[in-house]
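Chain by chain, the residues run as shown.
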Amino acid sequence: MSNRVVTHRMIEAFRAAMLHGGIGAGADALGIPQPSMSRLIADLQRVVGFPLFQKSGRTIKPTDEALVLMTKVQQSFIGLEDIASFSEQLRKQRTGRFSICTIPSIGHSVMPEIIDHLRSRFPDVVVSLTVSSYLEVAQKVRNRQADIGLTADALSIGTLETVAEFSSDCVCIGTEKWLSASASHVDAGELAGKPFVALTGTFQRQLDALLSANGVTIDAMVEASLFQTVSELVLRGMGVSVVDPLTGAKHRLRGGITLPLKPALSYTVYATAMSDTRLGRPALELLDCLKSATDRASIHIADE
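Residues numbered from 1 in each chain as written. Predicted model: local features only at pLDDT ≥ 70, side-chain atom pairs only at ≥ 80, totals over all residues. Heavy atoms only, no water.

**A few points about the pattern of salt bridges**
Tallied over the full model, the rule gives 8 salt bridges. The partner of Arg 9 in a salt bridge is Glu 12, with the nearest N and O atoms 2.5 Å apart. In this pair, Arg 9 and Glu 12 are both assigned in helix α1 (residues 8–20), 3 residues apart and thus about one turn of the helix distant. For Arg 9, a relative accessible area of 36% gives the class partly exposed. Among the ionic pairs, Lys 291 bridges to Asp 295, the shortest N-O distance being 3.0 Å. Taken together, the residues Lys 291 and Asp 295, both in helix α11 (residues 281–297) and 4 residues apart, mark about one turn of the helix. Where salt bridges share partners, they join Glu 232, Arg 236 and Arg 254 into one cluster. (Salt bridge = Lys/Arg side-chain N within 4 Å of Asp/Glu carboxyl O. Helix = DSSP H or I, 4+ residues; strand = E, 2+ residues; numbered from the N terminus. Buried < 20%, exposed > 50% of the residue type's maximum accessible area, 1.4 Å probe, protein only.)

**With respect to the sheet that holds strand β3 (residues 97–102)**
Ordered by their spatial adjacency, 5 strands build an open sheet running β4-β3-β5-β13-β6, and the pairing between neighbours is mixed. Edge strands, defined here as strands with exactly one partner in the open sheet, are β4 (126–131) and β6 (160–169). Each strand of the sheet is rotated relative to its neighbour by a mean of 20°, with strand direction disregarded. Pairing of β6 with strand β13 (residues 266–274), which is carried by 9 bridges, proceeds in the antiparallel orientation. In the strand pairing of β13, Glu 161 is matched with Ala 273. Against the sheet, α11 contacts β3, β5 (148–151), β6 and β13, and its axis sits at roughly 20° relative to β6. (Pairing = 2+ DSSP bridges. Axes fitted to C-alpha atoms, helices over the stretch in contact; angles between N-to-C directions. Contact = heavy atoms within 4.5 Å.)

**Side note on the sheet that holds strand β12 (residues 257–262)**
Within a sheet, each strand pairs with its neighbour through backbone hydrogen bonds, oriented either parallel or antiparallel. What the 4 strands build is an open sheet, ordered β8-β12-β7-β11; its pairing is mixed. Among the strands making up the open sheet, the edge pair consists of β8 (186–187) and β11 (241–243). Sheet analysis places β8 next to β12, joined by 2 bridges and oriented parallel. Bridge assignment links Asp 187 to a residue of β12, and that residue is Lys 262. Docked against the sheet, helix α9 (residues 227–235) engages β7 (171–174) and β11, running at close to 145° with respect to β11.

Given below as structure tokens:
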């Protein structure tokens with residue numbers, strides 16, 4: 001290999017040529033003359049010691065080595081894009097920004113109402129909501145891409161700590177087709193004789209363990225990965241299900257029936273932040289709203 005070093009400009013030219021299908025198109029994308037583009041590619045080829053493009057008729061095609069090199073180049077540019085995105089978030093935080101990352105069961109149930117409340121309380125603050133998986137919530141909080149993370153499992157690991165938690169009991173949901181609105185609760189044994197809309201994942205395994213301990217086997221004819229989808233399927237009369245209390249409250253507002261499940265299955269919402277984070281007023285207001293929402297979800301139809 002030559003003693004010359006690879007420059008960022010060489011890599012930028014190579015990437016443009018690969019992405020736009022040729023040296024000429026790459027030069028247009030970068031806004032530079034084609035001869036300058038060709039020189040950059042030629043310089044890069046001399047440094048790496050192998051050809052990057054070869055003629056194929058009237059066009060040029062990347063070599064196998066160029067395709068492999070492109071994968072490494074893309075990884076580098078993705079890293080730069082992440083830095084740019086993070087810098088933009090830091091800039092916006094200085095002008096008033098509050099970022100929340102949450103799992104779907106919380107994001108699809110109470111967060112629209114809570115964000116509406118936060119906007120009225122803090123009109124100069126930009127509120128950002130991201131709905132992600134449990135692991136992605138942890139990653140975004142750890143990378144300071146979110147001020148608060150909301151999950152149904154504790155994230156108090158390393159530099160993350162739980163700043164608040166709110167617990168309530170899961171509920172059985174259905175429609176008049178399968179549940180009586182006048183009932184005070186649903187015994188686990190009653191689920192055995194009804195079609196069941198099951199969840200996939202950890203929650204369903206916890207529910208199965210509870211039912212198994214009480215000698216109950218459910219008839220799961222439909223499965224879905226999100227509480228929101230389960231509620232929608234149940235509202236269409238496909239059976240009954242057991243969901244978190246926040247989804248249950250929304251299910252009731254949409255005309256469904258929500259009843260306590262006996263024996264109870266607890267559901268806890270954990271709010272997580274970086275251990276060195278000082279919670280601002282929007283974050284504290286969010287925690288108050290979550291507590292109120294959890295308290296309201298604990299009040300079932302039988303008590304209303």
